[in-house]
Amino acid sequence: MAMLEELPASVEAALKAQRNGHGTDPLTLAVKADINTSGVIGERWVTMDADAIRVFSPDGSTAHLDLMIPVSEIKGAKTESLVGGGALTVQKGSDVIELARYTTPLGGRMAGVARVMEAIAKGRDLPDAELEEVEKLCPKCSRALPKDSDVCRFCFDKRATFTRLLGYAKGYKWQAILVTILMIGGTGLQLLPGIIVKNLTDDVLMPREQIAESVRTAGLIYWVAVMIGATVLGLVLGIVRARLTAYLSLTMTKQIRTETYATLQKLGLSYYDKRQSGALLNRVTSDVNELNNFLVDGLQMLVVNGLMLIGTLVIVFSQNWWLACLVLIPVPLVILGTTKIWKFLWGRLEKLWNLRSSMTASIAVALNGTRVVKAFAQEDREMKRFHDKVGALYNANLDLENWWATLLPILGFLMTSGGFIVWYVGGKQVIAGQITFGTLNMFFYYLGQLYGPLQGMTRIADWLGRVLTSAERVFEVMDTQPDVADTNDSVPLPNMKGELVFENVSFGYDKARRVLENVDLHVMPGEMIGLVGHSGAGKSTIINLISRFYDPSEGRILIDGIEMKKVKLQDLRSQMGVVLQEPFLFPGTIAENIAYGKADATREQIMRAAKAANAHDFILRFPDGYDSLVGERGARLSGGERQRISIARAILHDPKVLILDEATASVDTETEKQIQEAIQRLIAGRTTFAIAHRLSTLRNADRLVVIEKGRVAEMGTHAELMEKDNGIFRKLVEMQMEVNKLKAENLVLED
């Protein structure tokens with residue numbers, strides 16, 4: 001598989017000259033390192049074809065060949081970690097030769113290059129792996145993008161985000177049209193009093209001609225009645241509009257929140273590995289709440305204020321275009337000022353939101369780990385950490401609000417300065433008889449209707465910016481594609497037998513470091529496999545791959561002869577059961593937790609599973625029995641009780657493949673005995689993978705697989721592995737026996 005970057009013209013010319021027409025095979029590798037021969041940021045190019053590896057240094061329009069090593073002389077390749085970066089090296093005979101150095105962002109890329117070089121040198125098939133992307137930059141502003149996002153916070157398409165947000169109203173077209181009509185009607189009624197004021201002043205209160213008092217009184221009653229009618233009708237329309245808008249906005253945000261949560265449920269564990277749960281919680285709650293508030297209130301303000309501005313301008317220009325133009329003199333300054341202020345405050349808004357998200361994540365972590373915090377008496381430390389985050393949030397918020405408190409009054413003064421113009425110019429026109437006093441009164445009324453919405457629009461600009469950023473953050477989650485998902489050619493597997501095959505499986509949680517390397521394993525249906533090894537050897541990673549929480553980086557896993565990637569996830573996971581070292585119980589009753597994997601289970605089935613898990617007796621000791629609440633994460637139960645509830649849950653689920661991950665690591669001897677009895681009932685007739693802290697508990701396994709540094713180091717029965725004089729498993733058992741002996745001696749001394 002070729003891993004090729006486009007070569008600069010100088011390097012391409014130098015490579016062509018070096019090959020001198022003899023090398024016609026295409027390049028296998030062409031990658032750029034970003035540290036030059038002087039050890040500073042620069043360019044070096046590493047190329048590889050069937051004949052040789054060559055390293056070039058560009059220098060303007062030319063490039064120099066720094067190094068050439070025939071492929072036939074290469075024994076292997078690897079990367080070495082250095083401060084702030086690393087080095088790509090190859091082994092030539094007994095010598096290790098450095099090809100190029102690079103900075104940390106290129107670590108994953110160079111690790112992939114080294115694997116390809118080693119595969120070619122050793123005559124193996126090229127690994128099915130892609131180059132890790134270098135640090136991603138925004139194509140518009142060249143700023144670095146977040147590792148988990150392609151969205152640039154400085155220049156994402158706000159119009160497209162706003163359009164997408166409004167797109168959720170498509171299913172409610174007629175309600176949206178009705179809201180629009182109500183907005184237009186309500187705006188018209190709000191504009192009507194200005195015309196009434198003009199007519200009331202000129203025709204009733206200060207008529208130019210002598211009119212009988214009775215006529216003027218009748219006119220006064222008429223215009224006051226019209227004003228009352230318009231106000232009441234506007235009130236009714238406003239109530240109907242607000243209620244309908246609330247229904248629309250809440251329905252839209254419900255859909256957005258549901259889709260966001262559904263996406264989070266579909267995403268694989270690799271997505272959560274890189275993110276704090278509190279930050280994701282903030283997107284589903286705070287960000288969606290921000291959208292809801294804007295859709296309920298902000299959008300109405302935006303549309304109504306816009307209509308009010310348009311209607312006001314039409315009326316004042318139709319009455320006196322010259323005075324209207326003078327009134328608008330401050331408007332360009334206001335618009336320019338608002339634009340500049342918004343750009344100035346954008347970075348501060350982003351900082352505020354990031355700090356708020358960080359604080360939420362910090363609270364979530366502290367609350368989830370409250371037992372550890374209290375056990376180590378670290379309340380003061382957590383308070384200080386929280387105080388620091390709250391202080392940073394406070395300072396950012398105060399800084400933002402101080403700027404708003406300073407800049408908004410200045411904008412307000414600019415806008416209300418139009419009133420001085422109306423008083424002076426309009427007053428002169430009244431004195432000269434060019435306009436009536438009613439017209440001047442009308443201008444003052446519409447002056448408030450003009451500058452009021454403008455002031456609101458400046459605040460809405462801030463609000464809209466917050467909302468669009470929140471919307472983009474939510475849409476970013478919704479648009480994330482799960483790395484583990486069904487494909488168009490996924491096949492059903494309703495009746496799994498439990499045969500599993502690992503074929504040359506390699507895997508790393510990041511591409512710079514492999515956790516598993518070339519693992520081969522064939523497990524027959526009903527077989528029990530014990531996974532053994534030092535901490536960090538890769539045992540839990542194998543469990544994660546079996547559960548298909550991740551897909552292999554290289555190689556493949558077969559289930560009943562079908563590649564696991566091609567089996568429908570629902571069919572796969574619905575026939576797998578997991579018992580973890582730290583079982584997770586959901587808030588609710590004991591019965592609900594046992595039936596979590598089988599929601600339609602009867603009480604009789606739940607009790608049968610509990611009895612098989614040796615949990616029935618202790619459950620009945622609770623006042624409410626199976627209806628007893630377990631508390632947050634099962635806090636009201638002991639560790640052994642939680643474990644037996646977890647086993648009962650797995651028994652009721654009736655899986656074809658069972659995973660036991662340190663299921664008895666954290667319990668006392670008596671509880672372990674009860675759990676072991678329950679496990680023996682659970683594993684009967686099931687393909688089982690077990691990781692155990694106490695190696696003696698794996699005696700009954702059909703085979704033990706010893707993992708060392710991500711590879712299968714030993715395999716066999718307990719007896720077979722114990723017969724190996726220098727075997728890894730035997731050493732682990734002997735080491736554990738020594739530890740147990742020391743513990744026993746300490747207990748005797750204490751007695």
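Residues numbered from 1 in each chain as written. Predicted model: local features only at pLDDT ≥ 70, side-chain atom pairs only at ≥ 80, totals over all residues. Heavy atoms only, no water.

### What about the pairing of strand S4 (residues 52-59)?
Here is the key point about a regular strand: its side chains alternate between the two faces of the sheet. Buried residues dominate S4, accounting for 6 of its 8 residues. Summarising the sheet, strand S3 (residues 41-48) and S4 pair through 4 bridges and their orientation is antiparallel. Looking across to S4, one finds that threonine 47 is bridged to arginine 54. In textbook terms, the turn of a hairpin is the stretch between consecutive antiparallel strands, and for S3 and S4 this stretch comprises 3 residues. Inspection of the sheet shows S4 paired to strand S5 (residues 62-70) by 8 bridges, in the antiparallel sense. Paired with alanine 52 across the two strands is proline 70, which belongs to S5. Remark: 2 residues form the turn of the hairpin made by S4 and S5, two consecutive strands paired antiparallel; glycine 60 in that turn has positive phi of roughly 70°. (Buried < 20%, exposed > 50% of the residue type's maximum accessible area, 1.4 Å probe, protein only. Helix = DSSP H or I, 4+ residues; strand = E, 2+ residues; numbered from the N terminus. Pairing = 2+ DSSP bridges.)

### With respect to the UniProt feature "transmembrane region" (unreviewed entry) in the protein
Under the local residue numbering, the UniProt record ascribes the feature "transmembrane region" (unreviewed entry) to residues 176-200, 220-240, 294-315, 321-342, 403-425 and 431-448. Annotated as residues 294-315, this span is 100% helix and 0% strand, and its ends, taken at the C-alpha atoms, are 30 Å apart. The annotated region residues 431-448 carries 72% helix and 0% strand content, and the separation between its end C-alpha atoms amounts to 23 Å. (UniProt positions renumbered as here; feature names shortened; annotations may be inferred.)

### A look at the pattern of salt bridges
For the structure on display, the rule yields 17 salt bridges. The salt bridge involving aspartate 479 is made with arginine 164; its shortest N-O contact spans 2.7 Å. Of this pair, aspartate 479 sits in helix H12 (residues 437-479) while arginine 164 sits in helix H3 (residues 158-166), placing them 315 residues apart in sequence. Using a relative accessible area of 42% as the deciding quantity, one classes aspartate 479 as partly exposed. (Salt bridge = Lys/Arg side-chain N within 4 Å of Asp/Glu carboxyl O.)

### A look at the environment of lysine 656
Assignment of secondary structure puts lysine 656 in the loop between helix H18 (639-653) and strand S15 (657-661). With 81 residues separating them along the chain, lysine 656 and glutamine 575 place their C-alpha atoms 5.3 Å apart. In this structure, lysine 656 is in contact with Asn495, Met496, Gln575, Arg686 and Thr687, ignoring residues within four places of it in sequence. (Contact = heavy atoms within 4.5 Å.)

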